[in-house]
Amino acid sequence: MKEFFYFLSFLAVLTSLMVVVAKNPVHSVLYLIMTFFAIAGHYILLNAQFLAVVHIIVYAGAIMVLFLFVIMFLNLNAETEPQKPLILKVAAGVAAGLLFLTLVAAFKGAENQVAVTGGDSQIGLIKNLGKVLFNDFLLPFEITSLLFLSAMIGAVMLAKKDTPEGPKSKDLKKEMLLEKEII
Amino acid sequence: MVALISLSILGVFSMIAGLFNVNTKAVLTISIVTILGVLGFTAGFHWNNDYSRFYDMLNFDNYAVAFTCAILGSTAILLLFSEHFFSNIKQYITEYYSLIIFSVVGMIAMVAFDNLAMLFLGIEIMSVPLYILVGSQKKNLLSNESSLKYFLMGAFTTGILLMGITLIYGETGSFDLSTIQSYFQENATDSSPILLVGLFFLLAAMAFKVSAAPFHFWTPDVYQGSPTFITAFMSTVVKIAGFGAFFRLFYICFAPISEVWTTAIWVMAALTITIGSITAVFQNDIKRLLAYSSISHAGYMLISLLMVKNVESEAFGAIFYYVISYSISSIALFSVIMAVQKVKDSSSIDAFKGLAKANPLLGIIAAVSIASLAGLPPTAGFLAKFYILKSTVESGYVWLALIAVTNAIIGIFYYFKVLIAIYFKEAEDQSLSLIASSLAYKIVAVLLVIGILVLGIFPDLVYSIF
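Student: So what exactly am I meant to see when it comes to the overall build of chain A here?
Tutor: On a plain count of helices and strands, chain A comes out with seven helices and zero strands. Reading chain A from its N end, one meets helices and strands in the order α-α-α-α-α-α-α. A buried classification covers 23% of the 183 residues belonging to chain A. By sequence separation, contacts in chain A at least 24 residues apart represent 51% of the contacts at least 6 residues apart. When the accessible surface of chain A is totalled, it reaches about 13,600 Å², and 73% of it is carbon and sulfur.

Structure below.
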């Protein structure tokens, strides 16, 4: 188990480094998929099978396809990549290094702590997850719908073309004609 | 809870109303009436009547009720002023309302949370509509830029917030505020470093949301680029909610280990006030100037976090009084800016030249609100600063109080730059006399001015409610 954990962690760190380092954005996305698989492996190690499956379906499946689409639409390449001034790079490096140092120090101090585990191998199953989700975390679960709803409204608002007349033009034919003109 | 449910229904209602081309004036009226009704209900029912439901996800104690009422009240007043904003927009007006209302729902979750999951969701529900509203002027490059900037930085901050919550969960095994607090009480002297890192991650994320230095860089660009109505919304209502959550988290949850974070807050507050007020001196755009002034006000509000050792109710009173006075003064000033922008289409300070001569009422509103923001007696802003500084000195932070006072004097300088333009400069053209304000606008604006003065003379109305 321990070896497997180290293998997965190594894989996750390596691939996420490659996401940043890779020159080609499509390669970055492919490395990101590998990172997600490594993280899904961690979920399985933690007895969260359902989460692992959902993670792969949603992230590696849906979101990454979206990523690839966007990257191909944008037609990114090395020439269009904005170059940051050196001082910004140095500042970012120093800040990230300090954060890294702090995190390493914090986790190093905790190496003697006993890990708190549920000990219940069934804890990650859908049944148990559902019980927690619809009892203890019912309100957060429900209120998330507002988040998605407002994101959807925003997507429609921002993506839809403004018709010159506004929505008051009840004449559907006229609107359709307008849309044809735009296309 | 009633507030959350009825506001969600209101948001969905105004979204659907757009589908059936319901008159936007009617939707606006219904929204304002509902918001005021919810405000009345929350204040009347929950005050001194702690109300915790849904497995301790939310807790409507007096603190949460006070901040909820401040948020709802400010939103209602802002919506009353929205005529100038919405008269320029042809489409999606009801969608704007529903986004604003959804954002308010998130804020209520933020100030009443009793569980870190609710804090996270509240911040997200508040922020996502804001990203959209900031970028709602699709043809305006500045608006696009500010939306993208705010979104990217906000998303990154969300990651940091989540990381902090995760680290705290890993150590305490709970998202629940009272559990975390009792964990801190038991291990006050030897908290593990993981917990402290988590605490500072949360501190950074919250500081971003209230735009405290050194996490303030997005503020001027976003405030300048977004539509003025949204700028007003962000610099008042969103700020109230941000500080509500900030205080709830640090004052209630992290109070037992205050030695650890008070130094950080000290430095952040001093930096925020200084950067905000010194940079504001060089601004020529009033929205940018107000952005920097809002940064420096955030610094004053941060100071009140340092009073954690004082009597609790006094600190709550001081912060709440500051939030209210800042909010109503800003709304009053923004209402003037919106009225001027309607005829001038510019937000530089030069656009305000000769406003007092062309429209004396707007001149008076601007004068009183600027005096209050600068902290001059007898306005509410003076006593707000006074209470904060008084308890700063009482808590032993004399140097911080000195820095704050110095910057308050600098603040008077840049606020008066605007006042001089309004009162002592000649207008370049006659367009300012074209400002036509409706009767409703006049009544509300005059009431706001009266409110600023009344709060300044009778501070106990707000200061000692806790």
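Student: Which parts of the structure should I look at to understand the interface of chain B and chain A?
Tutor: How big an interface is tends to be stated in terms of accessible area lost as the parts join. Between chain B and chain A, the residue contacts involve 40 residues of the former and 33 residues of the latter. Across the chain B/chain A interface, buried area totals approximately 3,200 Å², and carbon plus sulfur atoms make up 78% of it. In this structure, the connection of chain B to chain A is made through zero salt bridges. Where chain B packs against chain A, one counts two residue pairs in polar contact (both at pLDDT 80 or more). Listed by contribution, the elements that provide at least two residues to the side of chain B that touches chain A are helix H1 (2-19), helix H5 (93-112), helix H6 (116-134), helix H7 (141-172) and helix H9 (193-209) of chain B. In terms of residues, the side of chain B that touches chain A owes the most to one element, H6(B), which gives eight residues. Of the residues assigned to the side of chain B that touches chain A, the class counts are 27 nonpolar, eight polar and five charged.

Student: Help me understand the packing of helix H2 (residues 24-46) of chain B against H5(B) in this model?
Tutor: Helix-helix packing is characterised by the crossing angle of the two axes and by the distance between the axes. All names here are of chain B. Closest axis-to-axis distance for the H2/H5 pair is 9 Å, and the angle between their directions is 15 degrees. With respect to each other, H2 and H5 are oriented roughly parallel. The handedness of the crossing between H2 and H5 is right-handed. Between H2, through Thr-24, Val-27, Leu-28 and Ser-31, and H5, the contact on the second element is made entirely by Ile-93, Thr-94, Tyr-97 and Ile-101. When the residues that make up the contact of H2 with H5 are grouped by side-chain class, the tally is five nonpolar, three polar and no charged.

Student: How should the packing of aromatic side chains be read in this particular structure?
Tutor: Ring pairs (aromatic) are described by centroid distance and by the angle formed between their planes. Residue and element names in this part refer to chain B. For the structure on display, the rule yields 30 aromatic pairs over all chains. Ring centres 5.2 Å apart and planes at 55 degrees place the aromatic pair Phe-246 and Phe-250 in the tilted group. Of this pair, Phe-246 and Phe-250 both sit in helix H11 (residues 228-253), four residues apart, which is roughly one turn of the helix. Judged by centre distance (4.7 Å) and plane angle (45 degrees), the ring pair of Tyr-414 and Tyr-415 falls under tilted. Clustering of aromatic rings is evident, with ring pairs tying together Tyr-63, Phe-67, Phe-184, Phe-243, Phe-246, Phe-247, Phe-250, Tyr-251, Phe-254, Trp-261, Phe-316 and Phe-320. One residue, Arg-248, lies across the ring of Phe-113, its end atom 5.9 Å from the ring centre. Positioned above the aromatic ring of Tyr-300, the side-chain terminus of Lys-385 is 4.9 Å from the ring centre.

Student: Just checking my understanding: could you explain a nonpolar patch on the surface for this structure?
Tutor: Residues and elements named next belong to chain B. A surface patch of nonpolar side chains, amounting to about 920 Å² of accessible area, comprises Leu-439, Ile-443, Val-446, Leu-447, Ile-450, Leu-453, Val-454, Ile-457, Phe-458 and Leu-461. Per element, the largest residue contribution to the nonpolar patch is eight residues, and it comes from helix H19 (residues 439-457). Along the polypeptide, Val-454 turns up in helix H19.

Student: When you look at the pattern of salt bridges in this model, what are you seeing that I'm missing?
Tutor: Note on pairing: side chains with opposite charge can pair once their charged atoms come close. All names here are of chain B. Within this structure, the stated rule accounts for six salt bridges over all chains. Between Glu-145 and Lys-149 there is a salt bridge, with the nearest N and O atoms lying 3.2 Å from each other. Placement of both Glu-145 and Lys-149 in helix H7 is noted, with a separation of four residues, approximately one turn of the helix. Asp-221 is paired through a salt bridge with Lys-149; the nearest N and O atoms lie 2.5 Å apart. Separated by 72 residues along the polypeptide, Asp-221 in helix H10 (residues 218-225) and Lys-149 in helix H7 bring together distant segments of the chain.

Student: Would you take a moment to explain helix H13 (residues 286-303) of chain B for this structure?
Tutor: At 3.6 residues per turn, the α-helix brings residues three or four places apart onto the same side. For H13(B), built from 18 residues, the straight-helix expectation of 26 Å at 1.5 Å per residue is met to within 8% by its first-to-last C-alpha distance of 26 Å. Capping of H13(B) at its N-terminal end is provided by Asp285(B); its side-chain oxygen lies 2.9 Å from the backbone amide nitrogen of Lys287(B).

Thresholds applied
Residues numbered from 1 in each chain as written. Chains lettered and ligands numbered in written order. Predicted model: local features only at pLDDT ≥ 70, side-chain atom pairs only at ≥ 80, totals over all residues. Heavy atoms only, no water. Helix = DSSP H or I, 4+ residues; strand = E, 2+ residues; numbered from the N terminus. Buried < 20%, exposed > 50% of the residue type's maximum accessible area, 1.4 Å probe, protein only. Contact = heavy atoms within 4.5 Å. Areas by Shrake-Rupley, 256 points an atom, 1.4 Å probe, with all protein chains shown as cover. Buried area = accessible area lost by both parts, 1.4 Å probe. Salt bridge = Lys/Arg side-chain N within 4 Å of Asp/Glu carboxyl O. Polar contact = N/O pair within 3.5 Å; in protein donor to acceptor, adjacent residues only side chain to side chain. Nonpolar A, V, L, I, M, F, W, Y, C, P; charged D, E, K, R; others polar. Axes fitted to C-alpha atoms, helices over the stretch in contact; angles between N-to-C directions. Parallel < 35°, antiparallel > 145°, perpendicular 65-115°, else oblique. Left-handed = near helix turned anticlockwise from the far one by under 90°. Phe/Tyr/Trp six-rings, centres within 6.5 Å; stacked < 30°, edge-to-face > 60°. Lys NZ or Arg CZ within 6 Å of the ring centre and 35° of its normal. Patch = residues over 30% accessible without salt bridge, like charges linked within 9 Å, V, L, I, M, F, W, Y side chains within 5 Å. Expected span 1.5 Å × (residues − 1).

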